[in-house]
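# Structural characterization, general
Okay, here's what each chain looks like letter by letter:
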Amino acid sequence: MNDLIKAEIQKKHPYSIGKGNGKDQRWRTYIPDKTKKYGRKLIVKATEEELYEWLNDFYKEKLLDNLLDKVNLEIFYHEWLKYKRLHTTASTYITRIESDWKSFYVGTPIIKIPLKKINKLTLDVWAHQLIKDYDMTRKKYVNVQVIMRQALEYAVDLDIIESNPMKGLKIDKKIFRKEQKKPDDTQVYTVDERKMMIPLAWEDYKNAVKFYELSPLALMFQFQTGLRIGELCAVKFSDIENENYIHIQRMLRRDTKEVVPHTKTDCGDRYVFLTKEAKKLIAIAKERQEKSNGKAAGYIFSLTNEPITERCITSLLKKYCSKLGILYRSSHKVRKTYGSSLLDGGVSLNTTRIMLGHSDEKTTLKYYCFDTHTEIEKMNLMENALKIS
């Protein structure tokens, strides 16, 4: 060890460092220790070099402990997020986390408190105030608290804190705002709206719409299959393993624009039924590709080596809604329209769940079950349902 390091240790070390007397020629000193009778602990090493090496490690560890004592969520969040990114392929999930961080954490007192000083009571007050201030539904709170809960769990894994104080936190479900199901007409397209939209898509296809020649076919295909838009962009001819079903097994990631060999969830890898209309759209796309003499890398709705982009499809959807003077609903609402149409048509809940790629029926019923009929159609259906003779 060089003399400069020795000199630094001597400056910060409050006890003398020296060799023993008599037969014991070992080097010794003391370190502070509040658990001992005199508030100090004897450290003995065979040589001066060994003792200084030990003291150097001791002060490094003590410095690290002092730093860890000051670590708060404001500092730790970015380290946790790096770790979180390694454990998910869902870019939209990370985007939501970053949005929640900015909306509900940045600038608040809780992120300034050292993690070692955060306890169950601190979190109880924070959570209840958060729910009250933002009039949160249970779902919203569960999403927002993920940052705090998982960051603290990661801090436990790194030995920054001994246990996660959020594990004992309980929230009475009565304090959450009741989550109202959104009106049907904001979540799905009616049969009449789809009937008006389809001719516009065919017109654009015949006129080689500037966004992308096969995008009108892709949009109509989504209404027939309910694919997530990332899945729709990346679907290939090779996915048609038999004439009635298409294997959904990859997706285009929104953030990186890369095609990954998996879907959003394990349940998302599925076989989706191909209607006669869906088969027709595939056949037309294939015929158009053959005429183009281009390399399409096997993508059904692309004339190049790259998959069609989400923007190509959403732009058309916005265009058609504007032209028809109807409310624009996103491509995700096209997926909800598909699920609701299956249920309206008498398809079982479990089959609908499988077609949508959901892990349980609760998701299908809660978020994909809406009435696709117009108001007049609803009244006629109820009239007929309640007719006695």
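Residues numbered from 1 in each chain as written. Predicted model: local features only at pLDDT ≥ 70, side-chain atom pairs only at ≥ 80, totals over all residues. Heavy atoms only, no water.

Under an unreviewed UniProt entry, the name given to the protein is Tyrosine-type recombinase/integrase, and the organism recorded is Blautia aquisgranensis. Comment text from UniProt for the protein, heading Sequence similarities (unreviewed entry), reads "Belongs to the 'phage' integrase family." (UniProt positions renumbered as here; feature names shortened; annotations may be inferred.)

Here helix 5 (residues 120-133) contains 14 residues, and its C-alpha end-to-end distance of 20 Å stays within 8% of the 20 Å for a straight helix at 1.5 Å per residue. Looking at helix 5, one finds that the buried residues are Leu123, Trp126, Ala127, Leu130 and Ile131. Along the long axis of helix 5, the arc covered by the buried residues comes to 125°, so they all point the same way. Residues of helix 5 that are exposed and point over 90 degrees away from its buried face: Leu121, Val125, Lys132 and Asp133. (Helix = DSSP H or I, 4+ residues; strand = E, 2+ residues; numbered from the N terminus. Expected span 1.5 Å × (residues − 1). Buried < 20%, exposed > 50% of the residue type's maximum accessible area, 1.4 Å probe, protein only. Arc of directions from axis to C-beta.)

If you check helix 4 (residues 91-104), its first and last C-alpha atoms are 20 Å apart, about what 14 residues at 1.5 Å a residue would give, namely 20 Å. Those residues of helix 4 not exposed but buried are Ser91, Ile94, Ile97, Asp100, Trp101 and Phe104. Contact partners of the buried residues in helix 4: helix 3 (73-85), helix 5 and helix 6 (138-157). (Contact = heavy atoms within 4.5 Å.)

Between helix 5 and helix 6, the shortest axis-to-axis distance is 11 Å and the interhelical angle comes to 160°. In terms of orientation, helix 5 lies roughly antiparallel with respect to helix 6. The hand of the helix 5/helix 6 crossing is right-handed. For the pair helix 5 and helix 6, the contacting residues are Leu123, Trp126, Ala127, Leu130 and Ile131 in the first and Tyr141, Val144, Gln145, Met148 and Leu152 in the second. Partitioned by chemical class, the residues of the contact of helix 5 with helix 6 number 9 nonpolar, 1 polar and no charged. (Axes fitted to C-alpha atoms, helices over the stretch in contact; angles between N-to-C directions. Parallel < 35°, antiparallel > 145°, perpendicular 65-115°, else oblique. Left-handed = near helix turned anticlockwise from the far one by under 90°. Nonpolar A, V, L, I, M, F, W, Y, C, P; charged D, E, K, R; others polar.)

What follows deals with the sheet that holds strand 2 (residues 27-32). In spatial order, the strands read 1-2-3; together these 3 strands make up an open sheet with antiparallel pairing. Bordering the open sheet on either side are strand 1 (18-19) and strand 3 (40-45), each of which pairs with just one other strand. (Pairing = 2+ DSSP bridges.)

The next thing to look at is unusual backbone geometry. Within the chain, aspartate 135 stands out as a residue other than glycine whose phi angle is a positive 45°. Classification of aspartate 135 as partly exposed rests on a relative accessible area of 44%. Backbone geometry at aspartate 159 places phi at a positive 65°, although glycine is not the residue there. You can see aspartate 159 is positioned in the loop between helix 6 and helix 7 (184-187).

Estimated volume of the largest pocket: approximately 1,800 Å³. Surrounding the largest pocket, 42 residues form its lining, Arg96, Lys139, Lys264, His332 and Tyr368 being those nearest its centre. When residues of the lining of the largest pocket are traced back to their parent elements, those giving at least two are helix 4, helix 6, helix 10 (229-234), strand 5 (251-252), helix 13 (331-344) and helix 15 (361-367). By residue number, the principal contributor to the lining of the largest pocket is helix 13, which donates 5 residues. Across the lining of the largest pocket, the residue classes tally to 9 nonpolar, 16 polar and 17 charged. The space that makes up the second largest pocket amounts to roughly 320 Å³. Taken together, 16 residues make up the lining of the second largest pocket; nearest its centre are Arg194, Phe223, Gln224, Thr275 and Tyr338. Looking at which element gives the most residues to the lining of the second largest pocket, the answer is helix 13, with 4 residues. Split by residue class, the lining of the second largest pocket holds 9 nonpolar, 5 polar and 2 charged. (1 Å grid on protein atoms, 1.4 Å probe; cavity = no way out; pocket = protein on both sides within 12 Å on 5 of 7 lines; lining within 4 Å. Points joined across faces, edges and corners; volume = space filled by probe spheres on them.)

Counted according to the given criterion, the structure contains 19 salt bridges. The shortest N-O distance in the salt bridge between aspartate 135 and arginine 177 comes to 3.5 Å. With aspartate 135 in the loop between helix 5 and helix 6 and arginine 177 in the loop between helix 6 and helix 7, this pair connects stretches of sequence that are 42 residues apart. Linked through salt bridges whose partners overlap, the residues forming this network are Asp24, Arg26 and Arg28. (Salt bridge = Lys/Arg side-chain N within 4 Å of Asp/Glu carboxyl O.)

Once that is clear, we can look at a negative patch on the surface. On the surface, Glu49, Glu50, Glu53 and Asp57 cluster together to form a negatively charged patch. For glutamate 53, the position within the fold is in helix 2 (residues 48-70). (Patch = residues over 30% accessible without salt bridge, like charges linked within 9 Å, V, L, I, M, F, W, Y side chains within 5 Å. Areas by Shrake-Rupley, 256 points an atom, 1.4 Å probe, with all protein chains shown as cover. Lys, Arg positive; Asp, Glu negative; His and termini not counted. Charge placed at Lys NZ, Arg CZ, Asp CG, Glu CD.)

Formed by 47 residues in total, the largest nonpolar core has its most connected members in Leu217, Phe221 and Phe301. Residue assignment for this core shows that the elements contributing at least two residues are helix 8 (191-206), helix 9 (215-225), helix 10, strand 4 (245-248), helix 11 (276-292), helix 12 (310-324), helix 13 and helix 14 (349-356). In contact with leucine 217, not counting residues within four places along its chain, are Trp202, Tyr205, Leu281, Ile284, Ala285 and Phe301. Ile97, Tyr154, Ala155 and Val156 belong to the second largest nonpolar core, which has 35 residues in total. (Core = buried A, V, L, I, M, F, W, Y, C linked by side-chain atoms within 4.5 Å.)

Another aspect to go through is the side chain of arginine 353. For arginine 353, the position within the fold is in helix 14. Summary of buried charges: arginine 353 has no salt-bridge partner, and the nearest side chain of opposite charge, glutamate 361, is 4.7 Å away. Apart from the residues lying within four places of it in its own chain, the contact partners of arginine 353 are His358, Ser359, Asp360, Glu361 and Thr364.

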